[in-house]
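Residues per chain are reported as follows:
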Amino acid sequence: MALHPQSRAFLDLLGPSAYDSLNDTYAEVRATARAEALAAPGRIGLDHVSDLDADGVPCRLYRPRQGAPVALYVHGGGWVLHDLETHDSFCRYLAHATGWALLAVDYRRAPEHPHPAPLDDVQTAARWLRTHDREHRVDASFVPAIGDSSGANLVAGLAVREPSALDFQVLMYPPVDRRADLEGPEDNAALSREAMEWFWDAYAPGGAADDPEVSVVNASNLAEHPPALLVTNEHDLLRDQGEAYAAQLAEAGVDVTAFRALGMVHAFWRQPTVFDASRAAVTTVGALLDAHRARAR
């Protein structure tokens, strides 16, 4: 399928890749993304939003109602660029639309803090959530994790490191294989080969790239992983490796649902005001989490 009209409009607005020469500009790109997010209007109000300390890891809790089930949320941004503020508006929408509370993790970022620091923070937050849910009036008896892009890599990496940490994993267009050829569609500027190579090197320089917690396709314990939903984009350099990983999970006996978002580009998931497919994917994720939580009871 060709680029969806909404993808074309998004790319026209995006213009040339903002991620060129990241070695020199990543701090500026970070600051710009944060400032734009903070200035954006129209944030959804929820029952409760607060910043928390999860055993030393800064997090933000989004609670749509008291007693809501809660999921871990791990933001993307190449392990480098984004933070709680860049994803705040979307996390509010996700909690409101699904009825699930979210604990969003403000993990340490590369290149200042490469692997394993970001994954350590995600693991710490997941463990903290299991034992501190009641004091924050959420239900962590069934804990899924949701991640987009590099955040999905961290979710998958946690499943490698500690399979029992999560009860379900939602992997939105994850990078899963540092050594994979970035062959695929070139008709979008949402994520370039050069930027993705730089992100990988920032997060997992040298031999760290082959660690199964980083390149999760190398994991030997896939059969122990929790059920998963994995979504790829038709027009995304990460599409083929994500779909290959979904096949690996299935071959290992994991309950995995995978689909390709036709016409979509990288980053569509967290932009429900731009993409109809984002709103549909959010509805799907909410329903799937509800179903798996009910099944686990």
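Scroll up to find the structure.
Below or above, wherever it landed, is the structure these notes cover. Residue numbers here run from 1 along each chain, matching the order of that chain's written sequence. Selection of residues for local features in this predicted model requires a pLDDT of at least 70, selection of side-chain atom pairs for listing and counting requires 80 or more, and totals for whole chains, interfaces and linings are taken over all residues. Where side-chain values are given, they derive from all heavy atoms of the structure, hydrogens and water being excluded.

Two cysteine sulfurs form a disulfide in these notes if their separation is within 2.5 Å. On inspection of all chains with the given rule, the structure shows zero disulfides. The thiol of Cys-59 is not disulfide-bonded; the next cysteine sulfur, from Cys-91, is found 11 Å away. When its relative accessible area of 1% is taken as the criterion, Cys-59 is described as buried. For Cys-91, a relative accessible area of 1% corresponds to the buried category. For every residue, the accessible area obtained with a 1.4 Å probe (protein chains only) is divided by the maximum for its type, and the residue is called buried under 20%, exposed over 50%, and partly exposed between those limits.

We define a salt bridge as a contact between a side-chain nitrogen of Lys or Arg and a carboxyl oxygen of Asp or Glu at a distance within 4 Å. Evaluated as defined, the whole model comprises 23 salt bridges. Note that Asp-83 and Arg-34 form a salt bridge whose closest N and O atoms lie 2.7 Å from each other. Here the residue Asp-83 occupies a position in the loop between strand E3 (68-74) and helix H3 (88-98), and Arg-34 occupies one in helix H2 (residues 22-39), the gap between them amounting to 49 residues. Salt-bridge contacts for Arg-279 lead to Asp-276; the nearest nitrogen and oxygen are separated by 2.3 Å. With a gap of three residues between them, Arg-279 and Asp-276 both fall in helix H8 (residues 276-296), about one helical turn apart. Starting at the N terminus, helices and strands are each numbered in turn, a helix being any DSSP run of H or I of at least four residues and a strand any DSSP run of E of at least two.

A few words on the pairing of strand E4 (residues 101-105). Of all five residues making up E4, five are buried, and the element is well covered by its neighbours. Side chains Ala-101, Leu-103 and Val-105 of E4 all project onto a buried face; the interleaved residues Leu-102 and Ala-104 project onto the opposite face, where all are buried too. Any two strands between which DSSP finds at least two bridges are classified as paired. When E3 meets E4, the two strands line up parallel, connected through four bridges. In the strand pairing of E4, Val-70 is matched with Ala-101. Handedness of a crossover is defined as follows: with both strands directed away from the viewer, a clockwise route from the first strand across the helix to the second makes it right-handed. Note on the crossover from E3 through H3 to E4: the handedness is right-handed.

This paragraph deals with the packing of aromatic side chains. The aromatic pairing rule takes the rings of Phe, Tyr and Trp, using the six-membered ring of Trp, and pairs them if the centres are within 6.5 Å, calling planes under 30 degrees apart stacked, those over 60 edge-to-face and the rest tilted. As enumerated under the stated definition, the model contains 10 aromatic pairs in all. Ring geometry for Trp-79 versus Trp-200: centroids 5.0 Å apart, planes at 40°, classification tilted. Here Trp-79, found in the loop between E3 and H3, pairs with Trp-200, found in helix H6 (residues 193-203); they are 121 residues apart in sequence, far enough to count as distant. On the accessibility criterion, Trp-79 (0% relative accessible area) is buried. Judged by centre distance (6.3 Å) and plane angle (85°), the ring pair of Phe-268 and Phe-275 falls under edge-to-face. Taken individually, Phe-268 and Phe-275 each receive the classification buried, so the pair is uniform in this respect. Every member of this aromatic cluster is reached through a ring pair, and the members are Phe-10, Tyr-173, Phe-268 and Phe-275.

This part is about empty space enclosed by the protein. Empty space among the atoms becomes apparent when a probe as large as a water molecule is rolled across them. In the cavity and pocket records, a cavity denotes points on a 1 Å grid over the protein atoms alone where a 1.4 Å probe fits but cannot get out, a pocket denotes an open set with protein on both sides within 12 Å along at least 5 of 7 lines, and lining residues are residues with an atom within 4 Å of a point. Grid points are joined across faces, edges and corners, and a volume is the space filled by probe spheres set on the points. Inspection of every chain in the model, using the stated rule, returns one cavity of 30 Å³ or more. Considering only enclosed or pocket space, the largest cavity measures out at about 40 Å³ in volume. Around the largest cavity sit Tyr-62, Tyr-73, Val-74, His-75, Asp-83, Leu-84, His-87, Cys-91 and Ala-104, which together line it.

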